[in-house]
Amino acid sequence: MSIRASAVALLAACVLIVLCTTSVAAATIFSTVKGVVHDPQHRPVPGAAVTLTARHADWRRDTMTDADGAFQILAVPVGDYTIAAALQGFATARTDITVASGTAPVLHLLLELAGVNQNVTVSARPQDVRPDSATPTTLVDRQDIRNTPGADRTNGLEAITAYVPGAYVTHDQLHIRGGH
């Protein structure tokens, strides 16, 4: 092989090495994750907590959405992640993503309305029902009488007029539903 051919081969090898190292140096191991959190009517959800968690490492970043429901997480290492968005009154939205070198994926996270959970506990004993009478009956015991305001004035007519419908006193006479 001639010297000239060797020089050309050496020059070609040098150019190839420079090109390979330049492309490796230009590659980055970080990326940016951007997105918007919205409700079922596609309106932005401000103040939602957004969490990006690595699936195969102990790496995590937290942020909040702005007034437009947007978020951005910078310097995210290349890899597989789970992203979650949460806000009180909504069900938490989760999705898996793969972050590639030099990319900035824009995600849309839909927050569904949370379901309502209620528990009702009834703690009372059933009342006796008299199917043969339409007249309601109420049993008053000594404790009910003792707790009734004005029960200590039961020796006067005001006790009757205060608690008997249609009862009133006129000219020192007790009238109950029109009678004396």
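(A) Summary view of the pairing of strand S5 (residues 79-86). Pairing of strand S2 (residues 49-54) with S5, which is carried by six bridges, proceeds in the antiparallel orientation. Residue Ala49 lies in a different strand from S5, and its bridge partner there is Ala86. Between S5 and strand S6 (residues 93-99), which pair antiparallel in sequence order, lie six residues; one of them, Gly89, sits at a positive phi of approximately 95 degrees.

(B) Up close: the confidence of the model for the protein. Mean pLDDT for the protein: 80, with 77% of residues reaching 70 or above. Throughout residues 22-26 the model reports pLDDT below 50, and contacts reaching past four residues in sequence, or to other chains, amount to zero contacts.

(C) Structural view of a nonpolar patch on the surface. Residues Ile160, Tyr163, Val164 and Ile176 make up a contiguous nonpolar surface patch of roughly 320 Å² in combined accessible area. By secondary structure assignment, the location of Val164 is in the loop between helix H3 (157-163) and strand S8 (167-170).

(D) Looking closely at the environment of Ala167. Along the chain, Ala167 turns up in strand S8. Expressed as a C-alpha distance, the spacing of Ala167 and Arg177, which sit ten residues apart in the sequence, is 6.3 Å. Once you skip the residues sitting within four places of it in the chain, Ala167 turns out to touch Ile160, Thr161, His175 and Ile176.

(E) Molecular detail of the nonpolar core. Counting residues in hydrophobic clusters, the biggest one holds 21 residues, and the most contacted among them are Val33, Val37, Leu52 and Ile83. Leaving out residues up to four positions away in the same chain, Val37 has contacts with Arg43, Pro44, Val45, Ala48, Val50, Thr65, Gly69, Phe71, Ala85, Leu109 and Leu111.

(F) Expanded view of the sheet that holds strand S7 (residues 106-110). The strand order across the open sheet built from three strands is S4-S1-S7, with neighbouring strands paired in mixed fashion. In the strand order of this sheet, the two ends are held by strand S4 (70-77) and S7, each with one partner. Taking the axes of each pair of neighbouring strands and ignoring which way they run, one obtains an average angle of 25 degrees across the sheet. For strand S1 (residues 30-38) and S4, the ladder comprises six bridges, and the chain directions are antiparallel. Bridging from a neighbouring strand, Phe30 pairs with Pro77 of S4.

(G) Quick peek at the pattern of salt bridges. Evaluated as defined, the whole model comprises four salt bridges. A salt bridge links Asp96 to Arg55; the nearest nitrogen and oxygen atoms lie 3.9 Å apart. Linking Asp96 in strand S6 with Arg55 in the loop between S2 and strand S3 (60-64), this pair joins segments that are 41 residues apart in sequence. A residue is classified by how much of its surface remains accessible, and Asp96, at 48% relative accessible area, is partly exposed. With a closest N to O distance of 3.3 Å, Asp62 and Arg60 form a salt bridge. Judged by its relative accessible area of 51%, Asp62 is exposed. Each member of the salt-bridge network shares a partner with another, and the members are Arg55, Asp80 and Asp96.

(H) Just the packing of aromatic side chains, in detail. All chains considered together, the criterion is met by one aromatic pair. An angle of 70 degrees between the planes, with centres 5.5 Å apart, marks the rings of Trp59 and Tyr81 as edge-to-face. Residue Trp59 is found in the loop between S2 and S3, and its partner Tyr81 is found in strand S5; the two are separated by 22 residues along the sequence. Across the pair, exposure class does not vary: Trp59 and Tyr81 are buried alike.

Conventions and cut-offs
- Residues numbered from 1 in each chain as written.
- Predicted model: local features only at pLDDT ≥ 70, side-chain atom pairs only at ≥ 80, totals over all residues.
- Heavy atoms only, no water.
- Pairing = 2+ DSSP bridges.
- Helix = DSSP H or I, 4+ residues; strand = E, 2+ residues; numbered from the N terminus.
- pLDDT = per-residue confidence, 0-100.
- Contact = heavy atoms within 4.5 Å.
- Patch = residues over 30% accessible without salt bridge, like charges linked within 9 Å, V, L, I, M, F, W, Y side chains within 5 Å.
- Areas by Shrake-Rupley, 256 points an atom, 1.4 Å probe, with all protein chains shown as cover.
- Salt bridge = Lys/Arg side-chain N within 4 Å of Asp/Glu carboxyl O.
- Core = buried A, V, L, I, M, F, W, Y, C linked by side-chain atoms within 4.5 Å.
- Buried < 20%, exposed > 50% of the residue type's maximum accessible area, 1.4 Å probe, protein only.
- Axes fitted to C-alpha atoms, helices over the stretch in contact; angles between N-to-C directions.
- Phe/Tyr/Trp six-rings, centres within 6.5 Å; stacked < 30°, edge-to-face > 60°.

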